[in-house]
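# Survey of secondary and tertiary structure
One letter stands for each residue in the lines below.
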Amino acid sequence: MAIDGTAYVPAALTVPRGTVVTFENRDPFPHTVTAKGAFDSGNIAAGARWRYVATRSGTYEYICALHPNMKGTLVVQ
């Protein structure tokens, strides 16, 4: 997954349980990947990556805590 142009690309992703999902911040400023009660990347610096292992099935809606207009959905099957 990319974080580019102040957006998650793609905005929605479906993966099987156990998948490692990598978020790469291509913007020149930090972002987060935050799904309340499920996961929180903390600040991901420009050019940095964060990996999440999708161990629990479900639908996770997430935002950037620094830019709450950024939204995405991860579906783990």
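Use the structure listed above.
Bear in mind the structure is a predicted one, so any value in this text is a computation, not a measurement.

### Focus on the side chain of Thr34
- Along the polypeptide, Thr34 turns up in strand β5 (residues 34-35).
- Among the residues examined, Thr34 registers a relative accessible area of 16% and is labelled buried.
- One polar contact links Thr34 to Asp40, side chain to side chain, over a distance of 3.0 Å.

### With respect to the sheet that holds strand β7 (residues 49-53)
- Read across the sheet, four strands follow the order β2-β1-β4-β7 without closing on themselves; strand pairing throughout is mixed. Two strands in the sheet have a free side with no partner beyond their single neighbour: β2 (8-9) and β7.

### Some details on the packing of aromatic side chains
- Counted by the stated rule, this structure contains nine aromatic pairs.
- The interplanar angle of 80° and the centroid separation of 6.5 Å between the aromatic rings of Tyr8 and Phe23 together place this pair among those described as edge-to-face. Remark: Phe23 occurs in strand β4 (residues 20-25) and Tyr8 occurs in strand β2; sequence separation between them is 15 residues.
- Judged by relative accessible area, which is 4%, Tyr8 ranks as buried.

### Looking at unusual backbone geometry
- The amide bond that connects Val9 to the next residue, Pro10, takes the cis arrangement and shows omega of 0°.
- Position of Pro10 among the secondary structure elements: in the loop between β2 and β3 (12-15).
- Here Thr6, not a glycine, exhibits a phi torsion of approximately 55°, which is positive.
- Residue position: Thr6 is located in the loop between β1 (2-3) and β2.

### A closer look at the pattern of salt bridges
- Under the criterion given, the structure shown has two salt bridges.
- For Glu24, the salt bridge goes to Arg26, with nearest N and O atoms at 3.7 Å.
- Judged by relative accessible area, which is 23%, Glu24 ranks as partly exposed.
- For Glu24, the salt bridge identified is with Arg49, shortest N-O distance 3.8 Å. One end of the pair, Glu24, is in strand β4; the other, Arg49, is in strand β7, and 25 residues separate them in sequence.
- Because the salt bridges share partners, they merge into one network encompassing Glu24, Arg26 and Arg49.

### Concerning the nonpolar core
- By size, the foremost hydrophobic cluster in this structure holds 19 residues, and its most contacted members are Tyr8, Phe23, Val33, Phe39, Tyr62 and Leu74.
- Of all the secondary-structure elements, those providing two or more residues to this core are β4, β7, β8 (58-63) and β9 (71-76).

About the cut-offs
- Residues numbered from 1 in each chain as written.
- Predicted model: local features only at pLDDT ≥ 70, side-chain atom pairs only at ≥ 80, totals over all residues.
- Heavy atoms only, no water.
- Helix = DSSP H or I, 4+ residues; strand = E, 2+ residues; numbered from the N terminus.
- Buried < 20%, exposed > 50% of the residue type's maximum accessible area, 1.4 Å probe, protein only.
- Polar contact = N/O pair within 3.5 Å; in protein donor to acceptor, adjacent residues only side chain to side chain.
- Pairing = 2+ DSSP bridges.
- Phe/Tyr/Trp six-rings, centres within 6.5 Å; stacked < 30°, edge-to-face > 60°.
- Salt bridge = Lys/Arg side-chain N within 4 Å of Asp/Glu carboxyl O.
- Core = buried A, V, L, I, M, F, W, Y, C linked by side-chain atoms within 4.5 Å.

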